[in-house]
Amino acid sequence: MDPEHTMTARRSLVLFVLLFVVVAIAWPSFSTALSDWWWFEEVGYQVIFTKEIIARSALFLLVGGLTTAVVYGNLRVVRQGLHPLPFAVQLGPNMPPINLSAILRRVSLPVALFLGFLFGSSGAASWETALLALNRTPFGSIDPVFQRDISYYVFLLPAISGVLSILAGLAIVTLLLLFPAYLLRGDITFTPPRAIGMRIEASRHVGIVLGALFLLWALQLWFVDAPGLLYSTTGPLVGASYTDLHASLPAIRLAAIAALFAAGLVILGGRQGHLGKYLVRVLGGWVLLAIVTRGLFPLAIQKLIVAPTELTREAPYLQAHIAATRAAWGIDSVESSELAEGGSLALADIQRNAPTIDNVRLWDRDPLLQTFGQLQEIRTYYDFLSVDDDRYRIDGKLRQVLLSPRELNAASLPTRTFINEHLTFTHGMGLTLGPVNQITTEGLPVLFIKDLPPASSVSLTISRPQIYYGEMNYDFAVVGTAQREFDHPAGEENVYAAYAGTGGVPIGSFWRRLVLASRFQTSKLLLSGDITNASRVLYLRNIRDRVEKALPFLSLDRDPYMVVGTDGHLDWILDAYTTTTRYPYSQRLSNGTNYMRNSVKVVVDAYDGSIHAYVTEPTDPLIQTWSRIFPGILLPMETMPADIRAHIRYPDDLYRVQTALYATYHMDSPDAFYHREDQWAVPEMEEGSSGAVPFMRHIVMRLPGEQEAEFVYMVPFTPRGKDNLAAWMVARNDGAAYGKLRAYTFSRQSTVYGPTQIENRINQDTEISRQVSLWDQRGSKVLRGDLLVIPIENSLLYVQPLYLQAEGGKIPELKRVVVAYQTRVVMDESLDGALNTLFGGGGAERITSDAPAAVAGAPVTTTTTSPTSQALLAEAQRHYEAAMTAQRNGNWAKYGEEIKALGQVLAQLRR
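Residues numbered from 1 in each chain as written. Predicted model: local features only at pLDDT ≥ 70, side-chain atom pairs only at ≥ 80, totals over all residues. Heavy atoms only, no water.

**Quick notes on the packing of helix 7 (residues 242-272) against helix 9 (residues 310-328)**
Packed helices, taken two at a time, are described by the angle their axes make and the gap between the axes. It is the contact of helix 7 with helix 9, at a shortest axis distance of 8 Å, that shows an interaxial angle of 100 degrees. It follows from the interaxial angle that helix 7 and helix 9 lie roughly perpendicular. Here Tyr242, Leu245 and His246 of helix 7 come into contact with helix 9, specifically with Arg313, Glu314 and Tyr317. (Axes fitted to C-alpha atoms, helices over the stretch in contact; angles between N-to-C directions. Helix = DSSP H or I, 4+ residues; strand = E, 2+ residues; numbered from the N terminus. Parallel < 35°, antiparallel > 145°, perpendicular 65-115°, else oblique. Contact = heavy atoms within 4.5 Å.)

The structure is reproduced here in structure tokens:
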């Protein structure tokens, strides 16, 4: 064979192998990026995808190009005018010497390109910082030290710091390259007695680069480190303290000026050929200056001037810290009022606050989640992940409810195959919903919505119960295939239904199928005959992952929740935050965050996965800036559908932080703040409590001074280190009052019993202790529910449910309700019974004006019969009517069951 032809064939083979390797490496990233683009197109957020790509690419080219040019230019300068005796290495006696200077010519460009790629990738990661700086919005408030708008620190300062850091890093890398390059060239020599020598060309070059590095350090000290004092923690606060402003700030500015002189000296020394001598003097002076001005001088100021009179010296800075923290965390607008002293609750007060009593939450989330799981999961592949609080107007009345979506858990499918997991079992089904305070005679929760398909016994109904998007870690699903989609079980048969939504990415062609198969790493998606060009792939179905992908500039609350719209559709609501770590003087969290706003409510349709983001804080400069960056994505709150807006609630994560901060920062006087003389705390959680945050609860109640009951998020406060109650605070959720915080304080001259004190009184009550000990025997255990703090007028009621659970069982039953008021503690089978004992004369008169019956659908009447008897009478009536219906239908088995149940209820009535 022709040698030339053979050589050509070999080259072609090498090129083919290289091309194959490049494609194999790049294809996964390409398929992921392309399928991401299709996904953004599906949700209508293409502008976010494209603008991020453009911003990343622009920064990569800008930073990478600059780095490549600087590095290559400096190495090119080194290569000019080679020394007559270049540095060479001889590997063996019979081998020719290797001219290392010649190697420098070959590696200059590859090294420059490689460093350009590294620096460009680092710069591209700062795309958000760059976009924020270019589109910044003023805060309208200034810092107390440098008198700059807060936007300078939040938007511009990070960009300035990033630019200077990149340039300083580039200067350092260039220096690290110049030394071996000049060594290879032969311009740096090791000859005694001078030990190290440097030719004049090398000295000048290195001197210029060193001078540029000192200049960059001077700029960083003046424009970054000095403003950075506003985040200092050297004093008794976060922010610039007396020592920072009177010692550290002058030292930083002096060091910046010294860096400018150092830059001039090293450049001068380089031009004269004495760079080493000048550099040693500069570095020595620099270290000495740093020790004196940045170490000893601030330490002396702190010890000798500040420490003896700290409060006097730090008072103005404490005031700035308090004001900044309250503004940054949104607690500067908390309405505060003191509750009037004296007076006791009477029957009339209880009746006047009937909506509060009617919605006291007797079911805790953890016991209810267990009960829902046992009673309503129905099939092994359904799961209830969480229970959420909400309020609905049901049958004309505002009711607080607990609800839990029934999601599909593919990991629990009896047979896990590609068809089962991705084509057949594609969605969850409906939810279970019940009131917070109603129970059956068996101690189980009353359910307004239950079973499969979801059936409702009230005015609230579900018309589209399928849940394709939820909190589970869903894998992708393919709809519109030749396989039937399982909808829900119905007796011995199964019901199937085809997906009719707009969600998902169309497959459309073999090419798209190939890309999607690569993304999900399964050939079945490519080869399955059940999947057609008309099929759609639903992916990113976990709602948190979905929103984080669509809106990467927002952080999300930990607790998304489901809403039933008036049309019966199911939607998820996720609270989203704009945050920063750059708000001057503000107290920060452990992750550095020191500013937070619940700027966006994100609504995700559980059926088609559509995403709508509504701006709830239009005055927030951060969300205004993001709206300018991504126009048309963030919608005004006024466009949110009314049935969804009726169910927005104050976000959980933000309220936890605000209450923790307000416990201290309600003291706005520097003196009081410094001494912590009126610091509060959220009461500690007692053992056995199921709440993640103690005593923080959603409640339907009528606030003091208001006419109507409303849905609030309430938390009590005790004085730090004490058990009595000092105050309680609510976040309002309804209508025009949404988002307002209000604190109610008790007089400091009188004692109001706190949760721990009430818990101790409950434990010491002999009747309660005897009953609990009797139940808590072998074979069963008593579960204490959360102790609820219920504000009524200017007083407090404490309510604690008691559950009984069989050993090894998973269905807790609500058996007793404990109510405490002042020094009195009462336990009864129902809340009404306990309240009657406390305020109504032992059951002679009904407390609530329209209390719910124990069984859904039973009539509610006002009577002199005790509430427990009313519930039993209603239960007896229900069993009787069911028995008569079964008799007319000839269903004698059912007739016997109902008559037996009727006898049991009558026996309870006799007792």
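So that's the structure; there's more coming.
**With respect to the sheet that holds strand 15 (residues 477-479)**
The 3 strands are arranged 15-19-18 in an open sheet whose pairing can be described as antiparallel. Here the strands that pair on one side only, and so sit at the sheet edges, are strand 15 and strand 18 (505-506). Note that strand 18 and strand 19 (residues 536-538) share 2 bridges and pair antiparallel. When the bridges of strand 19 are listed, Pro506 appears paired with Arg536. (Pairing = 2+ DSSP bridges.)

**Brief notes about the nonpolar core**
Ranked by size, the top nonpolar core spans 182 residues in total, and within it Tyr45, Leu551 and Val602 carry the most contacts. Ranked by residues supplied to this core, first place goes to helix 5 (residues 150-185) with 15 residues. In this structure, Leu368, Met701, Leu797 and Val799 belong to the second largest nonpolar core, which totals 59 residues. (Core = buried A, V, L, I, M, F, W, Y, C linked by side-chain atoms within 4.5 Å. Buried < 20%, exposed > 50% of the residue type's maximum accessible area, 1.4 Å probe, protein only.)

**Overview of unusual backbone geometry**
That bond from Leu452 to Pro453 is cis: its omega, -10 degrees, falls within 30 degrees of zero. Structurally, Pro453 is set in the loop between strand 12 (449-450) and strand 13 (455-456). For Ile378, which is not a glycine, the phi torsion comes out positive at approximately 70 degrees. Mapped onto the fold, Ile378 is located in the loop between helix 12 (365-376) and strand 6 (382-383). Backbone geometry at Glu793 places phi at a positive 55 degrees, although glycine is not the residue there. With respect to the helices and strands, Glu793 occurs in the loop between strand 32 (788-792) and strand 33 (795-806).

**Quick notes on the confidence of the model for the protein**
In this model, the protein carries an average pLDDT of 85, and 87% of its residues clear a pLDDT of 70 or more. Across residues 687-691, where pLDDT falls below 50, the model places 9 contacts with residues more than four positions away in sequence or in other chains. Predicted confidence is poor over residues 842-867, with pLDDT under 50, and the contacts of this stretch with residues over four places away or in other chains come to 70 contacts. (pLDDT = per-residue confidence, 0-100.)

**Some words on the pairing of strand 8 (residues 397-405)**
Most of strand 8 is tucked away, with 8 of its 9 residues classed as buried. Relative to strand 8, strand 7 (residues 388-394) runs antiparallel, the two sharing 7 bridges. Paired with Asp388 across the two strands is Leu403, which belongs to strand 8. Here strand 7 folds back onto strand 8 in antiparallel fashion, the turn holding 2 residues, of which Asp395 has a positive phi close to 50 degrees. Across 5 bridges, the pairing between strand 8 and strand 11 (residues 431-435) is antiparallel. In the sheet register, Pro405 faces strand 11, and the bridge partner there is Leu431.

**A closer look at helix 23 (residues 831-839)**
Among the 9 residues in helix 23, 8 count as buried, and that is most of the element. Within helix 23, burial applies to Leu831, Asp832, Gly833, Ala834, Leu835, Asn836, Leu838 and Phe839.

**Regarding the pattern of salt bridges**
This model, assessed by the stated rule, comprises 28 salt bridges. As a salt-bridge pair, Asp786 and Arg697 come within 2.7 Å of each other at their nearest N and O atoms. Taken together, the residues Asp786 in the loop between strand 31 (780-784) and strand 32 and Arg697 in strand 27 (residues 697-701) connect sequence positions 89 residues apart. Each member of the pair, Asp786 as well as Arg697, is classed as buried. Via salt bridges that share partners, Glu335, Glu706, Glu710, Arg732 and Arg742 belong to a single interconnected network. (Salt bridge = Lys/Arg side-chain N within 4 Å of Asp/Glu carboxyl O.)

**A closer look at a nonpolar patch on the surface**
A grouping of Leu215, Leu219, Trp222, Phe223, Ile257, Leu260 and Phe261 is seen on the molecular surface, where their side chains present a nonpolar patch of about 650 Å² in accessible area. Only helix 6 (200-228) and helix 7 provide two or more residues apiece to the nonpolar patch. Per-element tally for the nonpolar patch: the top contributor is helix 6, with 4 residues. Following the sequence through the fold, Leu215 ends up in helix 6. The class for Leu215 is partly exposed, based on a relative accessible area of 39%. (Patch = residues over 30% accessible without salt bridge, like charges linked within 9 Å, V, L, I, M, F, W, Y side chains within 5 Å. Areas by Shrake-Rupley, 256 points an atom, 1.4 Å probe, with all protein chains shown as cover.)

**Some thoughts on empty space enclosed by the protein**
In total, this model carries 2 cavities of 30 Å³ or more according to the counting rule given. Together, Asn359, Val360, Arg361, Gln400, Arg697, His698, Ile699, Leu788 and Ile790 line the largest cavity. Of all elements in the fold, only strand 27 and strand 32 reach the threshold of two or more residues within the lining of the largest cavity. The biggest single contributor to the lining of the largest cavity is strand 27, with 3 residues. By residue class, the composition of the lining of the largest cavity is 4 nonpolar, 3 polar and 2 charged. One number sums up the size of the second largest cavity: a volume of about 40 Å³. Around the second largest cavity, the lining residues are Asp557, Asp559, Tyr561, Asp575, Arg649, Tyr650, Pro651 and Asp652. Of the residues in the lining of the second largest cavity, the class split is 3 nonpolar, no polar and 5 charged. (1 Å grid on protein atoms, 1.4 Å probe; cavity = no way out; pocket = protein on both sides within 12 Å on 5 of 7 lines; lining within 4 Å. Points joined across faces, edges and corners; volume = space filled by probe spheres on them. Nonpolar A, V, L, I, M, F, W, Y, C, P; charged D, E, K, R; others polar.)

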